Amino acid sequence: MSVPLAELHVHLEATATPGLVRRLAARNGLTIPPGTIDGDRYVWHDFLDFLRTFDRAVTVIRTAEDYRDITYEYLAACAAEGAIYVEVTVSPDHADQAGLGYADMLAGVAQGIDDARAATGIESRVIVTAVRNFGTERAEWVARTAGAQPHPYVTGFGLAGDEAGFPPGPFARAFEIAEDAGLGLTCHAGEWAGPESVRGALALPGPLTRLGHGVRAIEDPELVRELADRGTVLEVCPTSNVVLGAYADYAAHPFPVLRDAGVRVTLGSDDPPYWEATVGGEYAVARREWGLDDDALRGVTRTAIEAAFVPRGLRSSLLARL
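Residues numbered from 1 in each chain as written. Predicted model: local features only at pLDDT ≥ 70, side-chain atom pairs only at ≥ 80, totals over all residues. Heavy atoms only, no water.

Along the chain, Thr232 turns up in the loop between α9 (221-230) and β10 (233-236). Apart from the residues within four sequence positions on either side, Thr232 is in contact with Leu202, Thr209, Arg210, Leu211, Leu227, Val263 and Arg264. (Helix = DSSP H or I, 4+ residues; strand = E, 2+ residues; numbered from the N terminus. Contact = heavy atoms within 4.5 Å.)

The structure is reproduced here in structure tokens:
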């Protein structure tokens, strides 16, 4: 694709392909838990089952070298499609469960970013995410850890996991801690819960400048107007939404309606190998299904870079590449 691409919503651990997971398991002398992979595909049946499959797959990620390889391989693949910037979301909770400390995890990710930049020119930064179904205390631990161990590549904090079962309000303290640490703020909302989830996220301390997904705001026209007026950026993941069943097909997906209503939207692949997605594929969907031409797609990339959690100088250099 001739249009430069940028991605703000992708879970790093979930970018590991089944083949890479097998290599990591072999390197670490581990057995992949049963029911995780069948051939070259991950096995899952619905959103909550996908979360369980993901939790099983990441148990083979044990070392800084593992994180380096996952980061490098994903960024290199994005660069091959024309991406100039990718913001990866990492889960300190999953690393901690595997016995890998926060600093070692970050060292691996940072090495992968550096190696990918040297090889391809792509830039990347990191969002640390809390998993809402692990509870508020763990979310606050993630935020405190990121604040206590600052890293130049860690520029954002987010909240992911079971959105419908765990509304955002109780996690306010974690967002306060992250805000005090100077991190950009985003939150999964409006994917598996409706407009009330989006409103709950907008009420968090910050204020939040971005929302992960956010597409079910479409069910509340007043909320759509509020998002447009606030300039809140939605990290939209169309293929994820369609494959997981949030929407029946691309024709039913609200991306073009939200965009036409003045809501700022970007494109992300979310957990790409779980549904054979790529960031380039998401841009292709927008072109094929909703008629976005090169100028419109370049505008999506511009929105992503303007909303990225990056220093001013890097933002300027990325914008110049458009």
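Let us now look at the nonpolar core. The biggest cluster of nonpolar side chains holds 96 residues, and the ones touching the most others in it are Phe50, Val86, Phe157, Phe175, Leu227 and Tyr274. Setting aside chain neighbours within four positions, we find Val86 in contact with Glu7, Val10, Tyr74, Leu75, Cys78, Ile122, Glu123, Ser124 and Arg125. Counting 12 residues, the second largest nonpolar core, distinct from the first, contains Ala6, Leu8, Val310 and Leu318. (Core = buried A, V, L, I, M, F, W, Y, C linked by side-chain atoms within 4.5 Å. Buried < 20%, exposed > 50% of the residue type's maximum accessible area, 1.4 Å probe, protein only.)

What follows concerns the sheet that holds strand β7 (residues 184-185). Spatially, the five strands line up as an open sheet ordered β1-β4-β5-β6-β7, and their pairing is parallel. The open sheet has two edge strands, β1 (5-7) and β7, and neither has a second partner. Strand direction decides the pairing type here: β1 and strand β4 (residues 83-90), joined by three bridges, are parallel. When the sheet's bridge partners are listed, Glu7 is paired in β4 with Val86. (Pairing = 2+ DSSP bridges.)

Turning next to the side chain of Asn241. Note that Asn241 resides in helix α10 (residues 238-243). Other than its neighbours up to four places away in sequence, Asn241 contacts Glu191, His213, Val215, Ala246, Tyr247 and His253.

Bringing the pairing of strand β5 (residues 123-131) into the picture now. Of all the nine residues making up β5, nine are buried; the element is thus mostly covered by neighbouring parts of the structure. Side chains of β5 alternate between two faces, with Glu123, Arg125, Ile127, Thr129 and Val131 and Ser124, Val126, Val128 and Ala130 buried alike. Remark: the β5/helix α6 (residues 136-148)/strand β6 (residues 154-160) crossover connection has right-handed handedness. (Right-handed = clockwise from strand over helix to strand, strands pointing away.)

Before going further, it helps to examine helix α2 (residues 47-57). Looking only at α2, the buried set comprises Phe47, Asp49, Phe50, Leu51, Thr53, Phe54 and Ala57. Its buried side turned inward, α2 meets α1 (18-27), β3 (41-42) and α4 (92-97). Sitting at the head of α2, Asp46 places a side-chain oxygen 3.4 Å from the backbone nitrogen of Leu48. (Polar contact = N/O pair within 3.5 Å; in protein donor to acceptor, adjacent residues only side chain to side chain.)

Quick look at the environment of Glu7 now. Within the secondary structure, Glu7 sits in strand β1. Sequence-wise, Glu7 and Val88 are 81 residues apart; in three dimensions their C-alpha atoms are separated by 8.4 Å. The contacts of Glu7, once residues within four sequence positions are left out, are Tyr74, Cys78, Tyr85, Val86, Glu87, Leu267, Gly268, Ser269, Asp270 and Val279.

So, about the packing of helix α13 (residues 294-307) against helix α14 (residues 312-320). Geometrically, a packed helix pair is captured by the angle between its two axes and the distance between the axes. Where α13 meets α14, the axes come as close as 9 Å, and the angle between the chain directions of the two elements is 170°. Considering the angle they form, α13 stands roughly antiparallel to α14. Packed against α13, whose contacting residues are Arg302, Ile305, Glu306 and Ala307, the element α14 presents Arg315, Leu318 and Leu319 at the interface. (Axes fitted to C-alpha atoms, helices over the stretch in contact; angles between N-to-C directions. Parallel < 35°, antiparallel > 145°, perpendicular 65-115°, else oblique.)

With that settled, the discussion passes to the environment of Pro195. With respect to the helices and strands, the residue Pro195 is situated in helix α8 (residues 195-202). Spatially, the C-alpha atoms of Pro195 and Glu140 are 25 Å apart, while their sequence positions differ by 55 residues. Among residues more than four places away in sequence, those in contact with Pro195 are Arg216, Glu219, Asp220 and Leu223.

Where strands meet in a sheet, backbone hydrogen bonds hold them as pairs that are either parallel or antiparallel. Taking strand neighbours across the sheet as the criterion, the four strands line up as β8-β9-β10-β11 in an open arrangement whose pairing is parallel. The open sheet has two edge strands with one neighbour each: β8 (188-189) and β11 (264-267). Pairing of β10 with β11 involves four bridges; the strand directions are parallel. Bridge pairing links Leu234 to Val265 in β11. Against the sheet, α13 contacts β9 (210-213), β10 and β11, and its axis sits at roughly 100° relative to β11.

So yeah, pure geometry; function would need other evidence.
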